[in-house]
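Report on the structure
Single-letter residue listing:
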Amino acid sequence: MRANSRGAIISAGILLGTGLGGFVDGITLHQILQWHNMLSSVRPPLDLVSMKYNMVWDGLFHASTWLMVSLGVWRLWAAGLRGDVVWSTRTFVGSLFLGWGLFNFIEGVIDHQLLGIHHVHPGDHQLSWDLGFLGFGLLEIIGGLALVRAGASDVRLHGAPAGSSTLPRS
Amino acid sequence: MTASTRAELSRSVTFLLPLMWVLARAFTAHACPSCATGEQARSEVWTDGVAANVGIALLPFVIIGAICVWAEARARPRH
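A short tour of the structure in this document, coming up. (Residues numbered from 1 in each chain as written. Chains lettered and ligands numbered in written order. Predicted model: local features only at pLDDT ≥ 70, side-chain atom pairs only at ≥ 80, totals over all residues. Heavy atoms only, no water.)

Brief notes about the overall build of chain A
Put simply, the test is: Numbering goes from the N terminus for both helices and strands, where a helix is a DSSP run of H or I of at least four residues and a strand is a run of E of at least two. For each residue, the accessible area found with a 1.4 Å probe, counting protein chains only, is set against the maximum for its type, and the residue is called buried under 20%, exposed over 50%, and partly exposed in between. Should any heavy atoms of two residues lie within 4.5 Å, those residues are considered in contact.
The helix and strand tally for chain A stands at 4 helices and 0 strands. Across the 170 residues in chain A, those meeting the buried criterion constitute 46%. Sequence-distant contacts, at least 24 apart, represent 73% of the contacts inside chain A between residues at least 6 apart.

Considering the environment of phenylalanine 103 of chain A
If you trace the backbone, phenylalanine 103 of chain A turns up in helix H3 (residues 89–114). Between the C-alpha atoms of phenylalanine 103 of chain A and glycine 22 of chain A, which are 81 residues apart in sequence, the distance is 7.2 Å. Among all residues touching phenylalanine 103 of chain A, those that are not within four sequence positions of it are Thr18, Gly21, Gly22, Asp25, Phe61 and Gly108 of chain A together with Phe61 and Ile64 of chain B.

Observations regarding the interface of chain A and chain B
We count it as follows: By buried area we mean how much accessible surface two parts lose on assembly, using a 1.4 Å probe and totalling the loss over both. For salt bridges, the criterion is a side-chain nitrogen of Lys or Arg within 4 Å of an Asp or Glu carboxyl oxygen. For the purposes of these results, a polar contact is taken to be a pair of N or O atoms within 3.5 Å, where, inside protein, one atom must be able to donate a hydrogen and its partner to accept one; residues adjacent in sequence count only when each atom of the pair is a side-chain atom.
In this assembly, 37 residues from chain A lie in contact with 28 residues from chain B. Between chain A and chain B the total buried area reaches about 2,700 Å² when both faces are included, carbon and sulfur atoms providing 77% of it. For chain A, the biggest contributors to the area lost against chain B are Val49, Tyr53 and Trp57 of chain A; these three give 20% of the whole. Seen at the junction of chain A and chain B, the total is 2 salt bridges. Put simply, arginine 75 of chain A and glutamate 72 of chain B hold a salt bridge, and the shortest N to O gap is 2.2 Å. Here chain A is connected to chain B by 4 residue pairs in polar contact (both at pLDDT 80 or more). Per-element tally for the side of chain A that touches chain B: the top contributor is helix H2 (residues 48–81) of chain A, with 12 residues.

This is the structure we're talking about:
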């Protein structure tokens with residue numbers, strides 16, 4: 001068996017990055033700053049019923065991000081149990097950024113641009129905020145991919161001492 | 001009723017009325033799961049295109065989940 005199994009690490013990182021990035025969005029933009037809610041452009045939260053209505057959908061959003069984090073922990077645990085997984089910090093951190101960026105970009109394209117169910121910062125310069133959000137996501141994707149690619153040359157297996165190179169590069 | 005008892009009663013009422021008001025407010029807030037506002041909001045969630053909204057909310061996560069399945073399958077070791 002070749003020790004080039006990075007798939008579990010990559011998918012764990014993407015899932016964890018997606019979930020944690022979603023929490024950053026939900027906690028910061030939905031709750032603390034209150035710039036938008038899940039359906040705030042369809043049903044602006046201008047009265048208590050509308051606020052509670054949006055709160056339900058924010059709850060579903062947070063439940064989904066929680067599920068992504070849980071799946072990520074499961075995949076990371078599964079990777080740790082295997083002996084053939086290359087335990088690469090660059091691959092894992094790159095995957096975290098890749099997941100966060102994918103979330104920002106995909107959610108931004110679907111929810112902000114195509115469906116318009118909410119915008120990052122509604123009002124004046126709404127499009128600029130939305131495009132900035134997409135741009136931030138793209139930067140994370142590019143940076144994450146670069147790190148994942150760089151991590152392809154890492155060869156340390158899980159449990160091997162740091163700095164050791166226990167396998168030939170493949 | 002003596003004067004001192006009336007004074008005591010008056011002080012008790014003065015103390016208890018604000019306390020009861022605070023408790024009533026807290027109880028109302030606690031009861032909001034069944035208050036009219038909450039019931040109306042939840043009812044509108046169910047009658048206002050719930051399936052479409054669930055689909056919209058979950059779509060980005062489904063896409064990313066599919067990407068993960070693809071990434072894991074693609075990087076699976078060859079025996």
